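# Understanding the architecture of this molecule
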Amino acid sequence: MKLRAELFEGEYVIAGTRAHTCTLLPALASLLVAVVSASFASTVYPSAKILGLLVFAGALWALIKSVRAVLEWASHQHFLTNYRVIEMRGSQLLSVGLPEIHGATVSSGWRAKICGNLTLHTRSGEYLIQGIGYPQKFSTLVRRAQHELGGL
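It should be emphasised that the depicted structure is a prediction, and the values quoted were computed from it without experimental measurement.

Turning our eyes to something else, we now look at the sheet that holds strand β7 (residues 125–133). In space, the 3 strands of this open sheet follow the order β5-β6-β7, with antiparallel pairing throughout. Two strands lie at the open edges of the sheet, namely β5 (101–106) and β7, each paired on one side alone. Strand-to-strand twist in this sheet, taken as the mean axis angle between neighbours without regard to direction, amounts to 20 degrees. Judged from the 7 bridges that link them, strand β6 (residues 115–122) and β7 form a sheet pairing that is antiparallel. Of the residues in β7, the one forming a bridge with glycine 116 is isoleucine 132. Against the sheet, helix α3 (residues 135–149) makes contact with β5, β6 and β7, and its axis sits at roughly 165 degrees relative to β5, the strand it touches most.

Set out below in structure tokens:
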């Protein structure tokens, strides 16, 4: 899905981001489990076929899980425009208008400065952006865009 087709007249993208690559660490761990399990299965298979097949099936499951996580990461993006915050997850599009946002909270901790969560507080609830790279910077851009729009 192309974002340009979804933008309103006069709307333009200020910033675009996807989840930080640190969110791929679980996928990397699954891939490591798949490789180790496959290696173990290849050594066990000649003497214990059932155990070898079970371990190989586990390795295949871990590989599928890691590939799925990478594909999900690649197809999930967030955009800030001069009117709204847009989340694209595959072909699904969700958005929150800038005037609806009345605050933002950035997750705390040492890791959160590089890879953290950003919660946008709206009139209808909370909008969570997980694993975003440099969440404080994105939050600042949202406030700046709101100010330019006249929302604050």
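This brings us to the nonpolar core. Ranked by internal contacts, the top residues of the largest apolar core, which has 14 residues, are Leu80, Val85, Ile129 and Phe138. Broken down by secondary-structure element, the contributors of at least two residues to this core are β6, β7 and α3. With 5 residues, the next largest nonpolar core counts Leu7, Phe79, Ile86 and Met88 among its residues.

Calculation rules
Along each chain, numbering runs from 1 in the same order as the chain's sequence is written. Only residues with pLDDT of 70 or above have their local features reported here, since the model is predicted, and side-chain atom pairs are shown and tallied only from 80 upward, although totals for entire chains, interfaces and linings are computed over all residues. Side-chain calculation: all heavy atoms of the structure are included, whereas hydrogens and water are not. At least two DSSP bridges between two strands are needed for those strands to be called paired. To qualify as a helix, a DSSP run of H or I must reach at least 4 residues; to qualify as a strand, a run of E must reach at least 2; elements of each kind are numbered from the N terminus. Only the stretch in contact is used when fitting a helix axis, every axis being a line fitted to C-alpha atoms; angles between N-to-C directions are given from 0 to 180 degrees. Two residues qualify as a contact provided that any one of their heavy atoms is within 4.5 Å of a heavy atom in the partner residue. Buried Ala, Val, Leu, Ile, Met, Phe, Trp, Tyr and Cys residues that are joined via side-chain atoms within 4.5 Å together make up what is termed a nonpolar core. The rule is simple: take the accessible area with a 1.4 Å probe, protein chains only, and divide by the maximum for that residue type; under 20% is buried, over 50% is exposed, in between is partly exposed.

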